[in-house]
Amino acid sequence: MNTFDIKRFCQLLLWTITTSKKDILTVLTIFFIVLTAMINLPYIIDSGGGIEQVRLMFLSVVAIAFSGYYIFATINGCWIYSNMATKQQRITFKMLPASDVEKYWVRVVYVIGVWIIGGFIVFCLADLFGMLVRLIMFNDYIGSIVYETFKPNNVNETDRMMVFGMDGERGVILANLFLIFSQSIYVLGGAFFRRRQFVFTLLTIFAAGIILLLLLDMNKDAVRNTIRSLGVETFCWIMNIVLVVWSIVNYWLAYVIFKRMQVINNKWINV
């Protein structure tokens, strides 16, 4: 089967979620504990400063909590084929009555969509728990981390959201596209590496990042002049297009690897 049937896709996705309930609950519980600690430990450690100190720390806690959620939403792609760790699991998944494209996108939606939604629910629950802790400790819940993270930009220029040095909609769009691009990198790493996917993908990203930074540093004047000549608006749109195209290529390569994946494979990579 090489066609894509939406009904078959939904049935396979539901089956995947149902058979992974224990893993989902375990990971989300761990994430809740970690996120709750990230939100509340700064207040508990430095509670002597009183309510004013807590108010000053709140925005830093917002940044810490959102960073935790952003990382959680990004790296899950590494475990796209966690259901195919053994020979028997690979045979079972390959023999399911669905096309390769359906199986592949079920795994993508599972590791990206399901985990992002689950992570956001945990993010909200940890925020509520944090407000309760602050209310008990300081008689004031101070504010909501979820609201502070996703509230619309203030009209006041001093309060506008700054992302990658860009304010307003440009920065938000670029940040979201960069999240999608980062997810595609981890999905590709999870498909390419058969063992220790997260470790090897992370090491590859670090190595590529160091090389990129060195190249940019060696050509910083040319890069700066190029941005000035194009203008920030044009440069931002070029970056958006690059991220979209690159993400599509990463997902396509991950699919090609999945199609060619062998049931018996003792190598460290899936090619």
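Residues numbered from 1 in each chain as written. Predicted model: local features only at pLDDT ≥ 70, side-chain atom pairs only at ≥ 80, totals over all residues. Heavy atoms only, no water.

### Some points on the overall build of the protein chain
So, step 1. On a plain count of helices and strands, the protein chain comes out with 10 helices and 2 strands.
So, step 2. Along the chain direction, N to C, the helices and strands of the protein chain fall in the order α-α-α-α-α-α-β-β-α-α-α-α.
So, step 3. Put simply, the protein chain has 271 residues, and 38% of those count as buried.
So, step 4. Long-range pairs, those at least 24 residues apart, make up 76% of the contacts in the protein chain with a sequence separation of at least 6.
So, step 5. Accessible surface, the protein chain as shown: approximately 16,000 Å² in total, 70% of it carbon and sulfur. (Helix = DSSP H or I, 4+ residues; strand = E, 2+ residues; numbered from the N terminus. Buried < 20%, exposed > 50% of the residue type's maximum accessible area, 1.4 Å probe, protein only. Contact = heavy atoms within 4.5 Å. Areas by Shrake-Rupley, 256 points an atom, 1.4 Å probe, with all protein chains shown as cover.)

### Side note on the environment of N40
So, step 1. Within the fold, N40 resides in helix α2 (residues 21-45).
So, step 2. Residues N40 and M131, spaced 91 residues apart in sequence, show a C-alpha to C-alpha distance of 9.2 Å.
So, step 3. When sequence neighbours within four positions are dropped, the list of residues in contact with N40 reads F129, G130 and V133.

### Thoughts on the packing of helix α1 (residues 6-19) against helix α5 (residues 100-138)
So, step 1. Two numbers describe how α1 lies on α5: the axes approach to 9 Å, and their chain directions differ by 50°. The orientation of α1 with respect to α5, classified from their angle, is oblique. Seen from above, α1 lies across α5 with right-handed handedness. Note on element contacts: α5 touches α1 through E102, K103, W105, V106, R107, V109, Y110 and V114, opposite R8, F9, L12, L13, T16 and I17. (Axes fitted to C-alpha atoms, helices over the stretch in contact; angles between N-to-C directions. Parallel < 35°, antiparallel > 145°, perpendicular 65-115°, else oblique. Left-handed = near helix turned anticlockwise from the far one by under 90°.)

All quantities given are derived from atomic positions and should not be read as evidence of function.
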